[in-house]
Amino acid sequence: MDVLNEDSKAKNGYGWGVYFPAAIGHEGTMKIGLATDHGGFALKEELVARLRQAGHEVVDFGAHELNPGDDYPDFVFPLARAVAAGELERGIAICGSGVGASVCANQVRGVRACLIHDHFSARQGVEDDHMNILCMGGRTVGPEVAWDLVRTFTEAVFSGEERHLRRLGKVEAGRG
Ligand code: RB5
């Protein structure tokens, strides 16, 4: 699971201090976690079912019932920590807009989460930026667009190219 971390240190020196816990690639299905608050509850339920049907191992971090008073950090932090720990290959974090989920997930070191609305970014975010958590808004994307984003995200693989490792190294080094 930690191949990139060791490779990047050994190959180019840009990997110092960089924590890349996720695998650089995968074949076919993966272990993937989902988390949402009430704002993305219906979408999360839909995606859990579709991902399982597609053969992925899915960990559902909740919410497990629709509760308009729940708070996205209570679900997104456990997901983000599991991704950062390498317990999951990827994560999907949803809230009403996806903004709160992405802000929350990125607080966890080792997470590279982004709010995605388009097909191009769902792929390039992984290939170039090693995105490991896809964030979406349950109130901003419909189920078919969301499923396209999820499939694109799960099929994409980080390139591991030197320029991207260099940039990711600078991102990590620039942490406040
Ligand atoms: C909850 O109403 C809503 O604020 C939340 O789901 C999310 O959109 C926050 O970014």
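Residues numbered from 1 in each chain as written. Predicted model: local features only at pLDDT ≥ 70, side-chain atom pairs only at ≥ 80, totals over all residues.

Draft legend 1. How the structure looks around the overall build of the chain. Tallying secondary structure elements over the chain gives seven helices and five strands in all. Reading the secondary structure of the chain in the N-to-C direction produces α-β-α-β-α-β-α-β-α-β-α-α. Per-residue burial over the chain gives 40% buried out of 176 residues. Counting contacts in the chain only where the partners sit at least 6 residues apart, residues at least 24 apart contribute 69% of the total. (Helix = DSSP H or I, 4+ residues; strand = E, 2+ residues; numbered from the N terminus. Buried ≥ 20, exposed ≤ 12 C-beta atoms within 10 Å, placed from the backbone. Contact = placed C-beta atoms within 7 Å.)

Draft legend 2. Region of interest: helix 7 (residues 162–173). Here helix 7 spans 16 Å end to end across twelve residues, near enough to the 16 Å set by a 1.5 Å rise per residue. By the burial criterion, the buried members of helix 7 are Leu165, Leu168 and Gly169. Around the axis of helix 7, the buried residues are gathered within 105 degrees of arc, so they sit on the same side. Residues of helix 7 that are exposed and point more than 90 degrees away from the buried face comprise Arg163 and Lys170. (Expected span 1.5 Å × (residues − 1). Arc of directions from axis to C-beta.)

Draft legend 3. Here's a closer look at the packing of helix 2 (residues 41–53) against helix 6 (residues 143–155). One can describe the packing of helix 2 onto helix 6 by two numbers: an axis separation of 11 Å at closest approach and a directional angle of 50 degrees. Between helix 2 and helix 6, the crossing angle belongs to the class labelled oblique. Between helix 2 and helix 6 lies a crossing of right-handed hand. Across from Leu43, Glu46, Leu47 and Arg50 in helix 2, the residues of helix 6 making contact are Pro143, Ala146, Trp147 and Val150. Taken together, the residues of the contact of helix 2 with helix 6 sort by class into six nonpolar, no polar and two charged. (Axes fitted to C-alpha atoms, helices over the stretch in contact; angles between N-to-C directions. Parallel < 35°, antiparallel > 145°, perpendicular 65-115°, else oblique. Left-handed = near helix turned anticlockwise from the far one by under 90°. Nonpolar A, V, L, I, M, F, W, Y, C, P; charged D, E, K, R; others polar.)

Draft legend 4. View of helix 6. For helix 6, which comprises 13 residues, the first-to-last C-alpha distance of 18 Å matches the rise-based estimate of 18 Å (1.5 Å per residue) to within 8%. When we look at burial in helix 6, the residues that qualify are Ala146, Leu149, Val150, Thr152, Phe153 and Thr154. Where helix 6 is buried, its residues contact strand 1 (31–36), helix 2, strand 3 (90–95), helix 5 (119–127) and strand 5 (133–137).

Draft legend 5. Representation of the pairing of strand 2 (residues 57–60). Two elements, strand 1 and strand 2, share four bridges in a ladder whose sense is parallel. Across the sheet, glycine 33 pairs through a bridge with valine 59, a residue of strand 2. Regarding topology, helix 2 serves as the crossover connection from strand 1 to the parallel strand 2, and that connection is right-handed. (Pairing = 2+ DSSP bridges. Right-handed = clockwise from strand over helix to strand, strands pointing away.)

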